[in-house]
Amino acid sequence: MINPKYVLKQALVQILRRVGAPWVFRKYFNNLEVVEGSPDEGAAKSTLLALNPGRFRGELELLVARGFRVLKAPYSLQTRLLAWCYDDPAQCLHVGQNPVLLKQKSNLQAIIGKLVRHWFPHYGIDGVVSAALHYKQDLDWGMAAKACGYPYMVLHRENLVASAYFRDVYRKRTAQFDPFAGDMLIFHNEAMRQLHIESGY
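About the criteria used
- Residues numbered from 1 in each chain as written.
- Predicted model: local features only at pLDDT ≥ 70, side-chain atom pairs only at ≥ 80, totals over all residues.
- Heavy atoms only, no water.
- Helix = DSSP H or I, 4+ residues; strand = E, 2+ residues; numbered from the N terminus.
- Buried < 20%, exposed > 50% of the residue type's maximum accessible area, 1.4 Å probe, protein only.
- Pairing = 2+ DSSP bridges.
- Axes fitted to C-alpha atoms, helices over the stretch in contact; angles between N-to-C directions.
- Parallel < 35°, antiparallel > 145°, perpendicular 65-115°, else oblique.
- Left-handed = near helix turned anticlockwise from the far one by under 90°.
- Contact = heavy atoms within 4.5 Å.
- Nonpolar A, V, L, I, M, F, W, Y, C, P; charged D, E, K, R; others polar.

Asks: Outline unusual backbone geometry, listing residues and values.
Replies: One non-glycine residue with positive phi stands out, namely Asn-52, at about 50°. With respect to the element layout, Asn-52 can be found in the loop between strand 1 (47–50) and helix 3 (59–65).

As structure tokens, then:
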């Protein structure tokens with residue numbers, strides 16, 4: 001049986017992909033929150049958009065202290081677009097060569113790309129930063145931003161691998177992910193960095 005909601009969702013995705021209409025999402029971008037203490041745009045080293053901003057634990061404030069202006073991405077829009085484009089959002093981390101998933105990824109990145117090209121110049125955004133490489137809400141935003149010429153950086157904050165068991169779990173999980181598509185990946189410790197190298201990520 002045809003699911004009317006699914007058909008409508010797919011039609012909406014195709015319209016947004018072809019037309020773009022960034023003004024449709026104006027309410028999400030009109031009032032981007034600025035991390036407290038950020039310098040004015042003209043005085044900042046660069047302006048960064050923090051994806052999934054609630055996941056950071058002090059890193060954004062450190063960036064501000066170093067002279068960066070940091071804006072918080074509209075997380076509700078991140079999750080909404082992800083749910084619209086993927087049948088199962090968790091699969092965005094390991095698309096591989098699956099034609100269905102590749103199509104869904106292409107749709108999402110095309111829509112995000114139109115938003116990036118419209119709104120990033122408006123806010124003077126120079127790049128995006130995520131708090132972990134496996135946050136599914138962030139991945140396609142980072143990749144779309146990079147495709148538009150904006151650096152995509154990850155400050156991977158989940159770095160507790162205190163036992164051989166957890167190291168093995170992380171290594172196996174990471175090995176299933178698609179290769180890193182960003183420009184810079186920073187770990188908090190050598191153990192986690194080495195683990196990702198061993199996984200082939």
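Past the structure itself, the notes keep going.
Asks: Got a sec to walk through the pairing of strand 4 (residues 152–156)? Specific residues and values, please.
Replies: Of all five residues in strand 4, five are buried; the element is thus mostly enclosed. Alternating residues of strand 4 divide into Tyr-152, Val-154 and His-156 and Met-153 and Leu-155, and every residue in both groups is buried. Bridge count between strand 3 (residues 127–130) and strand 4: three bridges; the pairing is parallel. Note that in strand 4 the partner of Ser-130 across the bridge is Val-154. Bridge analysis of strand 4 against strand 5 (residues 184–187) gives four bridges, and the strand direction is parallel.

Asks: If you had to explain the packing of helix 5 (residues 99–123) against helix 6 (residues 136–147) to someone new, which residues and values would you point to?
Replies: Orientation of helix 5 relative to helix 6, taken along the N-to-C sense of each, is 60°, at an axis distance of 8 Å. Relative to helix 6, the element helix 5 lies oblique. Read as a crossing pair, helix 5 and helix 6 show a hand that is right-handed. In this structure, helix 5 uses Lys-105, Leu-108, Gln-109, Ile-112, Gly-113, Leu-115, Val-116 and Phe-120 to contact helix 6, whose residues at the interface are Leu-139, Asp-140, Trp-141, Met-143, Ala-144 and Ala-145. For the contact of helix 5 with helix 6, the residue count by class is 10 nonpolar, two polar and two charged.

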